Amino acid sequence: MYNKPTTTEEEPESAGTAKRLSDIVEPGGRRIKPSLILVEKDHNPRNFDTPEMREHMNGMKASIAACGVNLPITIRWDAAIGRAVLVDGETRLRCCLELVDEGSTVRTIPFVESKAAYDEAQRTMLALQANQGRPLTQLEAGHGFHRLVGHGWSVSEISEKVGVSRRYVEEALEIFNAPLAVKAMVQSKVVTIGRAIAEVRKHGSDATAVLAPQVAKAASAGSGPIRREKKPPINPYQVLIAKFAKEVGPEWDDDYEGDYFKVPIDLVREVILLADAA
(Lines give C-alpha, C1' and ligand atoms only; values in the text may rest on other atoms or scores of the structure.)
Protein backbone atom coordinates (compact mmCIF):
# COMPACT_ATOMS: atom_id res chain seq x y z
CA MET A 1 0.00 0.00 0.00
CA TYR A 2 1.54 3.29 -1.09
CA ASN A 3 1.84 6.33 1.13
CA LYS A 4 -0.75 8.98 0.46
CA PRO A 5 -0.69 12.64 1.47
CA THR A 6 -1.80 13.33 5.00
CA THR A 7 -5.20 15.02 5.05
CA THR A 8 -6.81 17.34 7.57
CA GLU A 9 -8.62 14.31 9.04
CA GLU A 10 -5.29 12.66 9.92
CA GLU A 11 -2.25 13.57 11.95
CA PRO A 12 0.78 14.41 9.76
CA GLU A 13 4.33 13.65 10.76
CA SER A 14 5.10 15.83 13.72
CA ALA A 15 6.61 19.21 12.95
CA GLY A 16 7.62 19.54 16.60
CA THR A 17 7.30 23.02 18.01
CA ALA A 18 7.64 24.75 14.65
CA LYS A 19 6.21 28.26 14.60
CA ARG A 20 7.09 29.13 11.02
CA LEU A 21 7.83 27.34 7.78
CA SER A 22 11.55 28.02 8.07
CA ASP A 23 11.62 25.85 11.21
CA ILE A 24 10.86 22.64 9.27
CA VAL A 25 12.48 23.09 5.85
CA GLU A 26 15.77 21.48 4.93
CA PRO A 27 19.06 23.45 4.98
CA GLY A 28 19.02 25.88 2.08
CA GLY A 29 15.39 26.80 2.71
CA ARG A 30 13.78 25.53 -0.48
CA ARG A 31 13.15 21.81 0.16
CA ILE A 32 10.90 19.97 2.61
CA LYS A 33 10.14 16.38 3.56
CA PRO A 34 6.94 15.29 1.71
CA SER A 35 5.53 13.70 4.86
CA LEU A 36 5.43 17.08 6.61
CA ILE A 37 2.97 18.55 4.10
CA LEU A 38 -0.72 18.57 4.94
CA VAL A 39 -3.36 18.25 2.21
CA GLU A 40 -6.73 19.77 3.05
CA LYS A 41 -9.75 17.49 2.70
CA ASP A 42 -11.34 17.78 -0.76
CA HIS A 43 -8.45 20.02 -1.83
CA ASN A 44 -8.29 18.48 -5.29
CA PRO A 45 -11.22 17.31 -7.44
CA ARG A 46 -8.94 14.86 -9.26
CA ASN A 47 -9.58 11.12 -8.92
CA PHE A 48 -6.22 9.48 -8.26
CA ASP A 49 -7.59 5.93 -8.39
CA THR A 50 -8.17 5.60 -12.15
CA PRO A 51 -5.94 3.39 -14.35
CA GLU A 52 -5.10 6.43 -16.48
CA MET A 53 -3.95 8.39 -13.44
CA ARG A 54 -1.93 5.41 -12.21
CA GLU A 55 -0.16 5.24 -15.57
CA HIS A 56 0.48 8.98 -15.51
CA MET A 57 1.94 8.81 -12.00
CA ASN A 58 4.15 5.84 -12.84
CA GLY A 59 5.67 7.86 -15.67
CA MET A 60 6.14 10.87 -13.40
CA LYS A 61 7.74 8.69 -10.70
CA ALA A 62 10.26 7.31 -13.20
CA SER A 63 11.16 10.86 -14.19
CA ILE A 64 11.46 12.03 -10.58
CA ALA A 65 13.58 9.01 -9.64
CA ALA A 66 15.97 9.81 -12.50
CA CYS A 67 15.99 13.61 -12.52
CA GLY A 68 14.26 14.79 -9.35
CA VAL A 69 11.29 17.18 -9.16
CA ASN A 70 11.93 20.00 -11.60
CA LEU A 71 8.77 22.02 -10.92
CA PRO A 72 8.42 22.97 -7.23
CA ILE A 73 5.12 22.44 -5.47
CA THR A 74 3.41 25.39 -3.79
CA ILE A 75 2.69 25.36 -0.07
CA ARG A 76 1.55 27.83 2.54
CA TRP A 77 2.20 28.03 6.26
CA ASP A 78 -0.89 27.76 8.46
CA ALA A 79 0.11 29.41 11.71
CA ALA A 80 -3.12 28.38 13.45
CA ILE A 81 -2.19 24.69 13.28
CA GLY A 82 1.56 25.01 12.79
CA ARG A 83 1.57 23.07 9.50
CA ALA A 84 2.78 23.40 5.93
CA VAL A 85 -0.35 23.05 3.75
CA LEU A 86 -0.36 22.14 0.07
CA VAL A 87 -1.62 24.76 -2.40
CA ASP A 88 -0.62 23.17 -5.72
CA GLY A 89 1.23 20.01 -6.82
CA GLU A 90 -0.57 17.05 -5.25
CA THR A 91 0.43 14.63 -8.04
CA ARG A 92 4.11 15.46 -7.54
CA LEU A 93 3.68 15.14 -3.78
CA ARG A 94 2.02 11.74 -4.09
CA CYS A 95 4.75 10.51 -6.42
CA CYS A 96 7.45 11.56 -3.94
CA LEU A 97 5.65 9.87 -1.05
CA GLU A 98 5.41 6.64 -3.05
CA LEU A 99 9.09 6.82 -3.97
CA VAL A 100 10.03 7.32 -0.32
CA ASP A 101 7.89 4.31 0.59
CA GLU A 102 9.65 2.24 -2.10
CA GLY A 103 13.08 3.07 -0.67
CA SER A 104 14.09 5.62 -3.29
CA THR A 105 16.86 8.10 -2.61
CA VAL A 106 14.25 10.88 -3.01
CA ARG A 107 13.82 12.33 0.47
CA THR A 108 12.70 15.92 -0.04
CA ILE A 109 10.69 17.96 -2.53
CA PRO A 110 11.34 21.54 -3.71
CA PHE A 111 8.69 24.15 -2.92
CA VAL A 112 7.74 27.78 -3.22
CA GLU A 113 5.77 29.45 -0.47
CA SER A 114 2.49 31.22 -1.12
CA LYS A 115 1.72 34.13 1.17
CA ALA A 116 -1.81 34.60 -0.17
CA ALA A 117 -4.77 33.82 2.06
CA TYR A 118 -7.38 31.74 0.23
CA ASP A 119 -10.92 30.91 1.27
CA GLU A 120 -12.42 27.55 0.28
CA ALA A 121 -13.94 28.81 -2.97
CA GLN A 122 -10.64 30.39 -4.01
CA ARG A 123 -8.75 27.17 -3.20
CA THR A 124 -11.22 25.19 -5.32
CA MET A 125 -10.79 27.68 -8.14
CA LEU A 126 -7.01 27.37 -7.91
CA ALA A 127 -7.22 23.57 -8.07
CA LEU A 128 -9.38 23.76 -11.19
CA GLN A 129 -7.01 26.18 -12.90
CA ALA A 130 -3.72 24.65 -11.75
CA ASN A 131 -4.23 21.10 -13.09
CA GLN A 132 -2.27 21.67 -16.27
CA GLY A 133 0.09 18.66 -16.11
CA ARG A 134 -2.76 16.25 -16.80
CA PRO A 135 -6.05 18.10 -17.34
CA LEU A 136 -9.00 17.19 -15.18
CA THR A 137 -11.63 15.05 -16.81
CA GLN A 138 -15.09 16.57 -17.10
CA LEU A 139 -16.24 14.16 -14.41
CA GLU A 140 -13.49 15.34 -12.06
CA ALA A 141 -14.10 19.01 -12.88
CA GLY A 142 -17.75 18.52 -11.95
CA HIS A 143 -16.74 17.98 -8.32
CA GLY A 144 -14.96 21.33 -8.26
CA PHE A 145 -17.78 23.12 -10.09
CA HIS A 146 -20.29 21.70 -7.60
CA ARG A 147 -18.29 23.13 -4.70
CA LEU A 148 -18.18 26.55 -6.37
CA VAL A 149 -21.95 26.47 -6.92
CA GLY A 150 -22.27 25.73 -3.21
CA HIS A 151 -20.36 28.93 -2.53
CA GLY A 152 -22.83 30.91 -4.59
CA TRP A 153 -21.04 30.96 -7.94
CA SER A 154 -23.16 30.96 -11.08
CA VAL A 155 -22.51 28.76 -14.11
CA SER A 156 -21.54 31.87 -16.08
CA GLU A 157 -18.99 32.93 -13.43
CA ILE A 158 -17.44 29.46 -13.33
CA SER A 159 -17.28 29.35 -17.13
CA GLU A 160 -15.55 32.73 -17.32
CA LYS A 161 -13.08 32.18 -14.49
CA VAL A 162 -12.06 28.61 -15.41
CA GLY A 163 -11.95 29.39 -19.13
CA VAL A 164 -14.35 26.73 -20.38
CA SER A 165 -17.69 26.95 -22.16
CA ARG A 166 -20.96 27.31 -20.28
CA ARG A 167 -22.11 24.02 -21.82
CA TYR A 168 -19.01 22.26 -20.45
CA VAL A 169 -19.80 23.48 -16.92
CA GLU A 170 -23.48 22.55 -17.17
CA GLU A 171 -22.71 19.04 -18.43
CA ALA A 172 -20.04 18.55 -15.75
CA LEU A 173 -22.58 19.46 -13.07
CA GLU A 174 -25.14 17.13 -14.64
CA ILE A 175 -22.78 14.17 -14.57
CA PHE A 176 -21.72 15.05 -11.01
CA ASN A 177 -25.37 14.78 -9.94
CA ALA A 178 -25.98 11.56 -11.90
CA PRO A 179 -26.54 8.24 -10.10
CA LEU A 180 -23.33 6.75 -8.72
CA ALA A 181 -23.62 3.69 -10.95
CA VAL A 182 -23.85 5.89 -14.05
CA LYS A 183 -20.79 7.87 -12.97
CA ALA A 184 -18.95 4.58 -12.44
CA MET A 185 -19.79 3.59 -16.03
CA VAL A 186 -18.33 6.87 -17.28
CA GLN A 187 -15.29 6.49 -15.03
CA SER A 188 -14.60 2.99 -16.38
CA LYS A 189 -15.15 4.26 -19.95
CA VAL A 190 -17.90 1.79 -20.84
CA VAL A 191 -20.28 4.72 -21.42
CA THR A 192 -19.31 8.11 -22.83
CA ILE A 193 -20.17 11.17 -20.78
CA GLY A 194 -22.41 12.46 -23.57
CA ARG A 195 -24.50 9.27 -23.61
CA ALA A 196 -24.68 9.19 -19.81
CA ILE A 197 -26.00 12.75 -19.69
CA ALA A 198 -28.54 12.02 -22.44
CA GLU A 199 -29.91 9.01 -20.55
CA VAL A 200 -30.04 10.86 -17.22
CA ARG A 201 -31.96 13.71 -18.84
CA LYS A 202 -34.41 11.26 -20.34
CA HIS A 203 -34.75 8.67 -17.57
CA GLY A 204 -33.51 10.35 -14.38
CA SER A 205 -32.72 7.83 -11.64
CA ASP A 206 -33.74 4.99 -13.98
CA ALA A 207 -30.77 5.73 -16.28
CA THR A 208 -28.73 3.01 -14.58
CA ALA A 209 -31.33 0.36 -15.39
CA VAL A 210 -31.50 1.59 -19.00
CA LEU A 211 -27.73 1.61 -19.53
CA ALA A 212 -26.79 -1.59 -17.68
CA PRO A 213 -28.10 -4.11 -20.28
CA GLN A 214 -26.59 -2.06 -23.10
CA VAL A 215 -23.21 -2.08 -21.35
CA ALA A 216 -23.46 -5.86 -20.82
CA LYS A 217 -24.32 -6.38 -24.50
CA ALA A 218 -21.43 -4.21 -25.65
CA ALA A 219 -19.04 -6.06 -23.33
CA SER A 220 -20.09 -9.48 -24.65
CA ALA A 221 -19.70 -8.23 -28.23
CA GLY A 222 -16.29 -6.73 -27.48
CA SER A 223 -17.36 -3.37 -28.83
CA GLY A 224 -16.31 0.04 -27.56
CA PRO A 225 -18.11 2.34 -25.12
CA ILE A 226 -21.81 3.12 -25.42
CA ARG A 227 -21.96 6.46 -27.23
CA ARG A 228 -24.59 9.13 -27.70
CA GLU A 229 -27.03 8.16 -30.43
CA LYS A 230 -26.52 10.21 -33.55
CA LYS A 231 -29.51 12.07 -34.93
CA PRO A 232 -30.25 11.52 -38.62
CA PRO A 233 -28.98 14.36 -40.83
CA ILE A 234 -31.47 17.13 -41.50
CA ASN A 235 -32.70 17.39 -45.09
CA PRO A 236 -32.85 21.15 -45.83
CA TYR A 237 -35.43 20.60 -48.59
CA GLN A 238 -37.78 18.81 -46.21
CA VAL A 239 -37.38 21.60 -43.68
CA LEU A 240 -38.21 24.17 -46.34
CA ILE A 241 -41.25 22.24 -47.53
CA ALA A 242 -42.52 22.02 -43.97
CA LYS A 243 -42.15 25.79 -43.59
CA PHE A 244 -44.11 26.36 -46.82
CA ALA A 245 -46.87 24.02 -45.65
CA LYS A 246 -47.12 25.84 -42.35
CA GLU A 247 -47.26 29.31 -43.95
CA VAL A 248 -49.63 28.49 -46.81
CA GLY A 249 -51.98 26.33 -44.80
CA PRO A 250 -54.76 24.28 -46.43
CA GLU A 251 -53.89 25.62 -49.90
CA TRP A 252 -50.57 23.70 -49.75
CA ASP A 253 -51.86 20.68 -51.64
CA ASP A 254 -51.02 18.91 -54.86
CA ASP A 255 -54.59 19.54 -56.06
CA TYR A 256 -54.40 23.32 -55.62
CA GLU A 257 -55.47 24.91 -58.93
CA GLY A 258 -54.91 28.60 -58.17
CA ASP A 259 -52.38 30.75 -59.97
CA TYR A 260 -50.41 31.72 -56.86
CA PHE A 261 -50.38 31.85 -53.05
CA LYS A 262 -48.71 34.24 -50.67
CA VAL A 263 -45.58 33.37 -48.68
CA PRO A 264 -43.27 35.57 -46.57
CA ILE A 265 -40.38 37.16 -48.47
CA ASP A 266 -37.87 35.60 -46.02
CA LEU A 267 -39.05 32.17 -47.07
CA VAL A 268 -38.53 33.08 -50.73
CA ARG A 269 -34.99 34.16 -49.90
CA GLU A 270 -34.35 30.78 -48.27
CA VAL A 271 -35.46 29.06 -51.48
CA ILE A 272 -33.09 31.20 -53.54
CA LEU A 273 -30.15 30.59 -51.19
CA LEU A 274 -30.79 26.87 -51.14
CA ALA A 275 -30.97 26.78 -54.95
CA ASP A 276 -27.72 28.75 -55.23
CA ALA A 277 -25.98 26.34 -52.88
CA ALA A 278 -27.13 23.26 -54.80
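In this report, we go over the structure that sits alongside the text. Everything numeric in this text was worked out from a predicted model, so none of it was measured. (Residues numbered from 1 in each chain as written. Predicted model: local features only at pLDDT ≥ 70, side-chain atom pairs only at ≥ 80, totals over all residues. Heavy atoms only, no water.)

**Describing the packing of aromatic side chains**
Alright, step 1. Considering all chains together, one arrives at one aromatic pair under this definition.
Alright, step 2. Each ring, one from F145 and one from Y168, has its centre 6.3 Å from the other, and the planes form 75 degrees; the classification is edge-to-face. Of this pair, F145 sits in helix 4 (residues 138-150) while Y168 sits in helix 6 (residues 166-176), and the two are 23 residues apart along the sequence.
Alright, step 3. Residue classification places F145 among the buried positions, given a relative accessible area of 1%.
Alright, step 4. With relative accessibility at 25%, the residue Y168 sits in the partly exposed group.
Alright, step 5. Across the ring face of F48, the terminal group of R94 is positioned such that the distance to the ring centre comes to 4.0 Å.
Alright, step 6. Positioned above the aromatic ring of F176 is the side chain of K183, whose terminal nitrogen or guanidinium carbon lies 4.8 Å from the ring centre. (Phe/Tyr/Trp six-rings, centres within 6.5 Å; stacked < 30°, edge-to-face > 60°. Helix = DSSP H or I, 4+ residues; strand = E, 2+ residues; numbered from the N terminus. Buried < 20%, exposed > 50% of the residue type's maximum accessible area, 1.4 Å probe, protein only. Lys NZ or Arg CZ within 6 Å of the ring centre and 35° of its normal.)

**Concerning the packing of helix 7 (residues 180-187) against helix 9 (residues 207-221)**
Alright, step 1. The N-to-C vectors of helix 7 and helix 9 enclose an angle of 35 degrees; their axes lie 9 Å apart at closest approach. The interaxial crossing formed by helix 7 with helix 9 has left-handed handedness. Residues A181, V182 and M185 of helix 7 form the contact with helix 9, whose own contacting residues are A207, T208, L211, A212 and V215.
Alright, step 2. Residue classes in the contact of helix 7 with helix 9 are distributed as seven nonpolar, one polar and no charged. (Axes fitted to C-alpha atoms, helices over the stretch in contact; angles between N-to-C directions. Left-handed = near helix turned anticlockwise from the far one by under 90°. Contact = heavy atoms within 4.5 Å. Nonpolar A, V, L, I, M, F, W, Y, C, P; charged D, E, K, R; others polar.)

Note that all results are geometric; they support no functional claim without further evidence.
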